[in-house]
Amino acid sequence: MRVLVVEDEPYLAEAIRDGLRLAAIAADIAGHGDTALEMLSVNAYDIAVLDRDIPGPSGDEIARRIIASGSGMPILMLTAADRLDDKASGFELGADDYVTKPFALQELVLRLRALDRRRGHSRPPVREIAGLRLDAFRREVYRDGRYVALTRKQFAVLEVLVATEGGVVSGEELLERAWDENANPFTNAVRITVSALRKRLGEPWIIATVPGVGYRIDTGPGVVVEGDGQGDGHG
């Protein structure tokens, strides 16, 4: 999951970003309304976390733009405006959730996961493919009934791969969905993480490398693995 946090108080914004990263949620920060709108136009986010009172276009205006775009992106308002009529106006504007300051970071994480789980009514909270069982809410992965302990980044990468239901995901897309805007586009982090993830999941290998294209979940014969001299352009 990748979210945009629109918050103009630098220390709070950084604390939120760091806390979300610990929960395997990639987060970018925008401290000004214009910056937020620009980032929304060039990056793919799963959820927008909006402070209502920010410089430039307000959080309310950003929410209106998101809704007008028809993207269906969930909006969580994270604001000090805590009166009942503030909450009412926020929900009437189109917010999917409303959290007031001060707040517990763990509650924010739970609410973001709940919003992500509800995105797309056809998407089940627990996904299963090729013997893999991924529970995004509990952050648990099983393969053929065996629990697999993953790092936060490995889980984030697997979540993206599983969501495509066997489709190919490029290294660039994995970098965009599982990391954040500070990731170096020339890094070999994707290749290294996929290689480590493949080993954690064990044999027979289930993550296939599609030479020159990317990665996919696969149970068929002939799975290409790292170290065969064929990559996806990330190392």
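Under an unreviewed UniProt entry, the protein has the name Transcriptional regulatory protein CutR and belongs to Frankia canadensis.

Undergrad: Help me understand the pairing of strand 5 (residues 97–100) in this model?
TA: Note on strand geometry: in a regular strand, side chains alternate between the two faces of the sheet. Bridging between strand 4 (residues 75–79) and strand 5 involves four bridges; their strand directions are parallel. Each residue of the ladder has a partner; that of Met77, found in strand 5, is Tyr98. Traced from strand 4 through helix 4 (residues 84–93) to strand 5, the parallel crossover comes out right-handed.

Undergrad: Even after reading the chapter, I still don't get a negative patch on the surface, so can you show me in this structure?
TA: A contiguous patch of negative charge on the surface is contributed by Asp8, Glu9, Glu14 and Asp53. Within the element layout of this structure, Asp8 appears in the loop between strand 1 (2–6) and helix 1 (10–22). Asp8 gets classed as partly exposed once you look at its relative accessible area, which sits at 33%.

Undergrad: Can you walk me through helix 5 (residues 105–118) in this structure?
TA: Helical periodicity: at 3.6 residues per turn, an α-helix aligns residues three or four positions apart in one direction. The end-to-end C-alpha distance of helix 5 is 20 Å, a good match for the 20 Å that 14 residues give at a rise of 1.5 Å each. Of all the positions in helix 5, only Leu108, Val109, Leu112, Arg113, Ala114, Leu115 and Asp116 are classed as buried. In this fold, the buried residues of helix 5 make contact with helix 1, strand 3 (47–50), strand 4, strand 5 and helix 6 (152–163).

Undergrad: Help me understand the side chain of Asp218, please; the structure alone is not making it clear to me.
TA: Summarising the element assignment, Asp218 is placed in the segment after strand 11 (214–217). Look at Asp218 and you get buried, because its relative accessible area is 14%. Only 3.3 Å separates the side chain of Asp218 from the side chain of Arg216, close enough to count as a polar contact.

About the thresholds
Residues numbered from 1 in each chain as written. Predicted model: local features only at pLDDT ≥ 70, side-chain atom pairs only at ≥ 80, totals over all residues. Heavy atoms only, no water. Pairing = 2+ DSSP bridges. Helix = DSSP H or I, 4+ residues; strand = E, 2+ residues; numbered from the N terminus. Right-handed = clockwise from strand over helix to strand, strands pointing away. Patch = residues over 30% accessible without salt bridge, like charges linked within 9 Å, V, L, I, M, F, W, Y side chains within 5 Å. Areas by Shrake-Rupley, 256 points an atom, 1.4 Å probe, with all protein chains shown as cover. Salt bridge = Lys/Arg side-chain N within 4 Å of Asp/Glu carboxyl O. Lys, Arg positive; Asp, Glu negative; His and termini not counted. Charge placed at Lys NZ, Arg CZ, Asp CG, Glu CD. Buried < 20%, exposed > 50% of the residue type's maximum accessible area, 1.4 Å probe, protein only. Expected span 1.5 Å × (residues − 1). Contact = heavy atoms within 4.5 Å. Polar contact = N/O pair within 3.5 Å; in protein donor to acceptor, adjacent residues only side chain to side chain.

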